[in-house]
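So the chains spell out like this:
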Amino acid sequence: MEYHYGRLLDHVHLVVSDLPASKRFYRAVLQALGRELTGEGPDYFWADELFVSCGSPASRSHVHLAFQTADPGRVQRFYQAGLAAGGSDNGQPGERPYHDGYYAAYLTDPDGNNIEAVFHGPHWRSAASIQVQPRCQDVAAPFTVCE
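Residues numbered from 1 in each chain as written. Predicted model: local features only at pLDDT ≥ 70, side-chain atom pairs only at ≥ 80, totals over all residues. Heavy atoms only, no water.

Colleague: Please set out the nonpolar core residue by residue, giving values where relevant.
Modeller: With 9 residues, the main nonpolar core is built from Val 16, Leu 19, Tyr 26, Leu 30, Leu 37, Phe 45, Ala 47, Leu 50 and Val 52. A per-element tally of this core places helix α1 (residues 19-32) first, with 3 residues. Ignoring sequence-local partners within four residues, the contact set of Leu 37 consists of Lys 23, Arg 27, Leu 30, Phe 45, Trp 46 and Ala 47. Grouped together as the second largest cluster of nonpolar side chains are 7 residues, Tyr 79, Tyr 103, Ala 105 and Ala 117 included. (Core = buried A, V, L, I, M, F, W, Y, C linked by side-chain atoms within 4.5 Å. Buried < 20%, exposed > 50% of the residue type's maximum accessible area, 1.4 Å probe, protein only. Helix = DSSP H or I, 4+ residues; strand = E, 2+ residues; numbered from the N terminus. Contact = heavy atoms within 4.5 Å.)

Right, here's the structure in full:
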């Protein structure tokens, strides 16, 4: 059994009501995992692909999920397919001001979640993904820790 990480999700954005409480919680659980917050501002913080910000009561409890893609054409196909499958427009395909080359589209899924497809422009990757192979091949219990 092989697992590949780093190929699908670009980032997840959580909107919270109490930023200091959320920062305390995520800092603690990330430190327990050997990780740290990687940045913060007055209304947000992040740790690698996790971005957390405060929002109005109407915007809380919805998730922003971003899929990474290889080119702008796939962003456009994502947008059209999502509209055809019952999603609604939340930002047509186009360049965004986040950084040079950021090309994205946004849809609202049927449950109100903000779903994005993003192409980061020309870039170099050190690897397409990382491959994780469990040390034991016990298919009945693939998450068993083996020596």
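Colleague: Outline the packing of aromatic side chains, listing residues and values.
Modeller: According to the stated counting rule, one finds 4 aromatic pairs in the structure shown. Relative to Tyr 102, the ring of Tyr 98 has its centre 4.8 Å away and its plane inclined at 80°; by these criteria the two rings are edge-to-face. For Tyr 102, a relative accessible area of 6% corresponds to the buried category. Feature note: the residues Tyr 44, Trp 46 and Phe 51 constitute an aromatic cluster, connected by ring pairs. (Phe/Tyr/Trp six-rings, centres within 6.5 Å; stacked < 30°, edge-to-face > 60°.)

Colleague: Could you give me a rundown of the pairing of strand β5 (residues 50-54), with the residues and numbers involved?
Modeller: With 5 bridges connecting them, strand β2 (residues 9-16) and β5 associate as parallel partners. Across the sheet, the residue bridging to His 13 is Phe 51, located in β5. Examined bridge by bridge, strand β4 (residues 44-47) and β5 share 4 bridges and lie antiparallel to one another. Counterpart to Tyr 44 in the pairing with β5 is Ser 53. Hairpin geometry of β4 and β5 is characterised by an intervening segment of 2 residues between the two adjacent antiparallel strands and by a positive phi of about 50° at Asp 48. (Pairing = 2+ DSSP bridges.)

Colleague: Before we move on, could you go through the confidence of the model for the protein and cite the residues and values that matter?
Modeller: Per-residue pLDDT for the protein has a mean of 78; in total, 72% of the residues score no lower than 70. When the elements of the protein are averaged for pLDDT, strand β1 (residues 3-5) gives the smallest value, 52, and strand β7 (residues 88-95) the largest, 95. Every residue in residues 142-147 is under pLDDT 50, and counting partners more than four places away or in other chains gives 7 contacts. (pLDDT = per-residue confidence, 0-100.)

Colleague: Any details on the environment of Leu 37? Residues and values, ideally.
Modeller: Mapped onto the fold, Leu 37 is located in the loop between α1 and β3 (39-41). Residues Leu 37 and Tyr 26, spaced 11 residues apart in sequence, show a C-alpha to C-alpha distance of 8.1 Å.

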